[in-house]
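Residues per chain, in single letters:
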Amino acid sequence: MQELQAKILTKHSDRYAGETLLVRSPGRVNLIGEHTDYNNGFVLPAAIDKAIILALSKNSDNLIRLNSADMEPGYFETPVLKSYKKTGVHWADYIIGVVDELQKDGFHTGGFDCTFGGDIPIGAGLSSSAALEGGVAFGLARLFDFDLSLLALTKIAQRAENNFVGVQCGIMDQFASLHGEKDRVIKLDCRSLDYELYPFQWDHTRVLLCDTKVRRTLAGSEYNIRRRQCEEGVAIINKSDPSVRSLRDVTFHQLESHKDKMDAVVYRRCRYVLEENQRVTDACTMLLENDLAGFGQKMYQSHYGLRDDYEVSCRELDILVEAAEQIDGVLGARMMGGGFGGCTINLVLDNTLEDTIRQIQTYYHEKTGKEPGFHIVQIGQGTHLVTELADDTKSS
Ligand code: GLA
């Protein structure tokens, strides 16, 4: 990680003068609570030790000059404007989207230069885009002295994705990236935005991500279709109980009593969300009791719900979970994130890690003819100035 920081800083200062801020903004995992955030439910994400590093400095040229260390084209620039349109450069939209949303809230940046790069695999469901948005929001607030709380920055980063990039994501990814803490998972109530941190560090258990290498973008219509189906369910129940605004307000009893009025698919989507919210709460209790075996079972149940009722899995994800089910050292596994590709998240006993990887690799290859990817991740600190946490970053 230090090497990456040095590389970004050198690339930036070779080109630009002026005082430079270095920001580290992490990707995230989600232990359990999938497709619940935009239904005002519960999620249990955490920031990880893979991140984007951004170097930022002011300029007096009234220009925004952006440099990507890893993506093509490597450069984009625009004058500072009153409002912005899509840039035509995919990665630049995430940054200019944040600038645009900051301005909507009355926070105007002057000219600035930005250089960034990172080690979060792109499109793998680890929220590299939320890391970039959150990192830019956080960095610009520091650079231009904007008085904005972490929560305000989270909402600006999410709005950049919703309004500028055009993905109707919930708040989980940006929240986790900005609020993460080392060795803690975040139980976030997406209705109140209150959150609690739960310890998540064991000597004997590791978090292993298995990557299908299947890449599907969330902008794909399926994500938005799921949102609409949930809203349809809410609208039906709302007719008899106007206090119901989201699936979070719906009880199992209420859902059952409206089943006949609902399309069968809509009913299944809603039931999944109610069950998943319950699973997050149960899983958190298990964490406090150190019951990782029980926690792992909840992860499997989450996957089955996503596969059978919410229907956002895919064959490759199912095969990775199937492989995990057969291995004693795996306590739990499930698809993670929006679905239709990306990674599974697995809780694995440390002393079986190598064997587990080998077995999953063999099984996946037998069934698909393809090679999966593997990432062992640690739960890390949320977005921060690198200088502020010099000691912390040394170990990451
Ligand atoms: C994506 C979105 C999140 C969330 C997950 C599904 O990661 O960005 O807001 O909806 O999918 O849980």
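Residues numbered from 1 in each chain as written. Predicted model: local features only at pLDDT ≥ 70, side-chain atom pairs only at ≥ 80, totals over all residues. Heavy atoms only, no water.

Draft legend 1. Main features of the overall build of the protein chain. Helix and strand content of the protein chain: 12 helices and 13 strands. A compact globule built from 396 residues would reach a C-alpha radius of gyration of about 21 Å, and the protein chain, at 21 Å, matches this within 12%. Considering only contacts in the protein chain between residues 6 or more positions apart, those separated by 24 or more positions represent 71%. Summed over all atoms, the accessible surface of the protein chain reaches about 16200 Å², with 47% contributed by carbon and sulfur. (Helix = DSSP H or I, 4+ residues; strand = E, 2+ residues; numbered from the N terminus. Rg over C-alpha atoms; globule rule 2.2 N^0.38 Å. Contact = heavy atoms within 4.5 Å. Areas by Shrake-Rupley, 256 points an atom, 1.4 Å probe, with all protein chains shown as cover.)

Draft legend 2. Local environment of the pattern of salt bridges. Applying the stated criterion to the full structure yields 22 salt bridges. For K370, the salt bridge goes to E316, with nearest N and O atoms at 3.1 Å. Separated by 54 residues along the polypeptide, K370 in the loop between helix 11 (353–368) and strand 12 (373–377) and E316 in helix 10 (residues 315–325) bring together distant segments of the chain. One continuous salt-bridge network, built from bridges that share partners, spans E101, K104, D105 and R159. (Salt bridge = Lys/Arg side-chain N within 4 Å of Asp/Glu carboxyl O.)

Draft legend 3. The side chain of N277, seen in detail. Looking at the element boundaries, N277 is found in helix 8 (residues 264–288). When its relative accessible area of 8% is taken as the criterion, N277 is described as buried. Those residues within four positions of N277 in sequence are excluded, and the remaining contacts are T36, G41, F42 and R248. (Buried < 20%, exposed > 50% of the residue type's maximum accessible area, 1.4 Å probe, protein only.)

Draft legend 4. Structural view of the site of the ligand. If you check the shell around the ligand, you find 13 residues, and the closest are E34, H35, D37, D173 and Y223. Between an oxygen atom of the ligand and a main-chain N or O atom of H35, the distance comes to 2.6 Å. One of the side-chain nitrogen or oxygen atoms of D37 is found 2.5 Å away from an oxygen atom of the ligand. Residue composition of the shell around the ligand, grouped by class: five nonpolar, four polar and four charged. Inspection of the shell around the ligand shows a minimum of three residues originating in each of domain 1 (2–200 + 380–395) and domain 2 (205–377). (Near = heavy atom within 4 Å. Polar contact = N/O pair within 3.5 Å; in protein donor to acceptor, adjacent residues only side chain to side chain. Nonpolar A, V, L, I, M, F, W, Y, C, P; charged D, E, K, R; others polar. Domains from an automatic or database assignment.)

Draft legend 5. Local environment of the pairing of strand 11 (residues 343–349). When you tally the buried positions in strand 11, you get six out of seven residues, the bulk of the element. In this structure, strand 9 (residues 205–211) lies alongside strand 11, joined through seven bridges in antiparallel fashion. Each residue of the ladder has a partner; that of C210, found in strand 11, is T344. (Pairing = 2+ DSSP bridges.)

Draft legend 6. Representation of the packing of helix 2 (residues 90–104) against helix 3 (residues 128–143) in the model. Interhelical geometry of helix 2 versus helix 3 gives an angle of 40° and a closest axis separation of 9 Å. Comparing the axis directions of helix 2 and helix 3 gives the class oblique. With respect to the hand of their crossing, helix 2 and helix 3 are arranged in right-handed fashion. On the side of helix 2, the interface is formed by W91, Y94, I95, V98, V99 and L102, while helix 3 contributes S129, L132, E133, V136, A137 and L140. In the contact of helix 2 with helix 3, the residues fall into 10 nonpolar, one polar and one charged. (Axes fitted to C-alpha atoms, helices over the stretch in contact; angles between N-to-C directions. Parallel < 35°, antiparallel > 145°, perpendicular 65-115°, else oblique. Left-handed = near helix turned anticlockwise from the far one by under 90°.)

Draft legend 7. Geometry of the sheet that holds strand 13 (residues 384–385). The strand order 5-4-6-3-1-13 describes an open sheet built from six strands, whose pairing is mixed. A single partner strand is all that each edge strand has here, and the edge strands are strand 5 (75–79) and strand 13. Of the strand pairs in this sheet, strand 3 (residues 45–58) and strand 6 (residues 112–118) are connected by seven bridges, and their pairing is antiparallel. Within strand 6, the residue paired with A55 across the bridge is T115.

Draft legend 8. Highlighting the nonpolar core. Residues V29, L66, F112, F200 and F295 are the most contacted members of the largest nonpolar core, which totals 97 residues. In terms of residue count, the dominant contributor to this core is helix 8 (10 residues). Taken domain by domain, this core gets at least three of its residues from each of domain 1 (2–200 + 380–395) and domain 2 (205–377). (Core = buried A, V, L, I, M, F, W, Y, C linked by side-chain atoms within 4.5 Å.)

Draft legend 9. Seen up close, unusual backbone geometry. With an omega dihedral of -15°, the bond running from E72 to P73 counts as a cis peptide bond. One non-glycine residue, K213, lies in the positive phi region at around 65°. Assignment of secondary structure puts K213 in the loop between strand 9 and helix 6 (221–240). Note on K213: relative accessible area 49%, which makes it partly exposed.

Draft legend 10. Representation of the state of the cysteines in the model. Summed over the entire model, instances satisfying the criterion amount to zero disulfides. The thiol sulfur of C270 is not disulfide-bonded, and the nearest other cysteine sulfur, from C230, lies at 5.5 Å. Free cysteine: C343, not disulfide-bonded; nearest cysteine sulfur from C210 at 7.8 Å. (Disulfide = S-S within 2.5 Å.)

Draft legend 11. Quick peek at helix 11. Here helix 11 contains 16 residues, and its C-alpha end-to-end distance of 22 Å stays within 8% of the 22 Å for a straight helix at 1.5 Å per residue. Those residues of helix 11 that sit buried are L353, T356, I357, I360, Y363, Y364 and T368. For helix 11, the arc enclosing every buried residue in end-on projection is 140°, short of the 170-degree limit, so these residues lie on one face. Set apart from the buried face of helix 11 by more than 90 degrees, the exposed residues are E354 and E366. Against the buried residues of helix 11 lie strand 9, helix 10, strand 10 (330–335), strand 11 and strand 12. (Expected span 1.5 Å × (residues − 1). Arc of directions from axis to C-beta.)

These results come straight from atomic positions and should not be treated as a statement about function.
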